[in-house]
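Listed here are the chains, written in short residue letters.
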Amino acid sequence: MENSDKALDTGSKRVYDVAPSEMFGEFMKTGWAPTPLTGIVQDEVIPYCVARRADLSAAFSGSRVVLPGGELKQRSNDTDYQFRPHSAFAYYTGVQGVEAQPGSVLVMEPTKEGHTPILFINPRSTRDTDAFYRDAKNGELWVGRRFTTDEAAQRYGIEVREVSELEAFLKGKTAVALHGYDEIVDAKLKKHARDEELINFVSVARLIKDEYEIREMQKAVDATHRGFSDVIRVLPAAVATPRGERVIDAAFYGRARVEGNDLGYNTIAASGSHACVLHWNRNDGEVIPGDLLLLDAGVEVDSYYTADITRTLPINGKFTPAQRALYMLVYESQKAGIEAIKAGVPFLEINRASHSVLAQGLIDMGIIKMSLEEAMDPAVGLHKRWTLHGVSHMLGMDVHDCAQARADQYRDGVLEAGMVLTVEPGLYIQLDDELFPAEYRGIGIRIEDDVLVTENGFINLSENIPHHPDEIESWMASLR
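None of the values given here were measured: they were computed from a predicted structure.

**Q** Would you mind going over the sheet that holds strand 12 (residues 309-314) with me for this structure?
**A** With antiparallel pairing, three strands are arranged side by side in an open sheet as 9-10-12. Edge positions in the sheet fall to strand 9 (268-271) and strand 12, since each has one partner strand and no second. Looking at each pair of strands side by side, their axes are set apart by 10° on average, direction ignored. By the bridge criterion, six bridges tie strand 10 (residues 292-297) to strand 12 in an arrangement that is antiparallel. Pairing of L292 across the sheet is with P314, part of strand 12. Running at roughly 150° to strand 10, helix 10 (residues 211-240) makes contact with strand 10 and strand 12 of the sheet.

Given below as structure tokens:
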């Protein structure tokens, strides 16, 4: 018999496991009932994926295209971060939520008519091998049941093969591919002259959202609204708890996991002067009545579409005069930015409209001592001292979606119906900024909404999340 003290090789660094005996191995092959899945149906996204792949096929006619889903990323030793596939892989396959598995790859195999999509996956570990109980990375008793290749083919409506066949399938072939996400793909495929084109194409393809995507983004916004309400409810506990920002962080994370796949990005739960740190996500500060809480958070639903919402809330439920004055300046700035939106308008017009209001407000307060025309001159722009970031970005599967688009396709381009973007002006007065009176120092305010561009204007997907200070005070009072 095999020595029970021998380390069990599970494909990971689990030196503390011991191997089973030969008798145990034979025993584990017996006594299992068949458990096929029945009633498999395709998700509503699948017809959209067919159309998306048709566009991809037309753009790369005659070329093999390879889109890896990605692999696990190590957190420490033998523990990994929760897996989330590459957005392009999910966009073209419809593999979503807990169904996504590391190591999966979509291959668009060229044919005379276009392409045949082939999905390579790590399928279910069946009971006729020992993988189901010995493989800590893929075994069913370790990570749960996965689809067989036949089940996956029914679910996604395309040909499905085992990923163990991928290396031989790609050997000696050329392909346009996304590199840096899969070891087999990188080892078997040399860089192709059109790789950069593919990176751009799969990013730009998501600039215009289809009906399914818009519904999913509304779902994400609505779940985020409920997450913000959860945060308001726990504010008393956050005040009473050391590192109370963590209480806020945890409350929103709970909503993201209950209603979605995960957070769309690391939550910013910035209390007091922490709000003046643009990407504050240490979230380890005190939560003090009388201060403001800048909460920038978004739920990522199972389809991987995420919201990106910011609200600035008075921790005790009431704005002070100074807080309200700065808040209203940001509020009017955001209103101007949103009202600038419609198809055909330059993307940068959102930024110009918002910043014009902010700059004029700072002039009216006596902080900036020049005309609006002078302040808005790109060679001057002194108002940016208190509002460092851009006002808008595309939103979708990635919180900063379509990031591989060229400048002429995005930043220097024009808005088109179907785009979804944020409008998020802010003002941040540092604690040591002597250009502002003392009562304003340490206040950071940002208001952010998710907006759909239409032919004649816009639809604010997050309009129902209170954003006027009177609405915010009423909202908070209703949840206390």
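**Q** Got a minute to help me understand the pattern of salt bridges in this structure?
**A** When their charged atoms lie close together, side chains carrying opposite charge are able to pair. Evaluated as defined, the whole model comprises 33 salt bridges. In this structure, the salt-bridge partner of D210 is R52, at a minimum N-O distance of 3.0 Å. Pair noted here: D210 is in the loop between helix 9 (195-204) and helix 10 and R52 is in helix 2 (residues 46-59), with a separation of 158 residues, a long-range link. Relative accessible area serves as the criterion here: at 19%, D210 is assigned to the buried category. The closest approach of N and O atoms between E151 and R145, which form a salt bridge, is 2.9 Å. On the accessibility criterion, E151 (7% relative accessible area) is buried. Through salt bridges with shared partners, a single network forms among R226, D230, R233, R255 and E259.

**Q** Where do I start with the packing of aromatic side chains in this structure?
**A** Centre distance and the angle of the planes are the two values used to describe a pair of aromatic rings. For the structure on display, the rule yields 13 aromatic pairs. Geometrically, the ring pair formed by Y91 and Y92 is edge-to-face, given 4.9 Å between the ring centres and 90° between the ring planes. Across the pair, Y92 and Y91 agree in class, each one buried. Geometrically, the ring pair formed by F228 and F252 is edge-to-face, given 5.8 Å between the ring centres and 85° between the ring planes. Of the two residues, F228 sits in helix 10 while F252 sits in helix 11 (residues 244-259), which places them 24 residues apart along the sequence. Above the ring of W32, the side-chain terminus of R127 is found at 4.8 Å from the ring centroid.

Each value, and the rule that gives it
- Residues numbered from 1 in each chain as written.
- Predicted model: local features only at pLDDT ≥ 70, side-chain atom pairs only at ≥ 80, totals over all residues.
- Heavy atoms only, no water.
- Pairing = 2+ DSSP bridges.
- Helix = DSSP H or I, 4+ residues; strand = E, 2+ residues; numbered from the N terminus.
- Axes fitted to C-alpha atoms, helices over the stretch in contact; angles between N-to-C directions.
- Contact = heavy atoms within 4.5 Å.
- Salt bridge = Lys/Arg side-chain N within 4 Å of Asp/Glu carboxyl O.
- Buried < 20%, exposed > 50% of the residue type's maximum accessible area, 1.4 Å probe, protein only.
- Phe/Tyr/Trp six-rings, centres within 6.5 Å; stacked < 30°, edge-to-face > 60°.
- Lys NZ or Arg CZ within 6 Å of the ring centre and 35° of its normal.

Shape is all these values report; function is a separate question.
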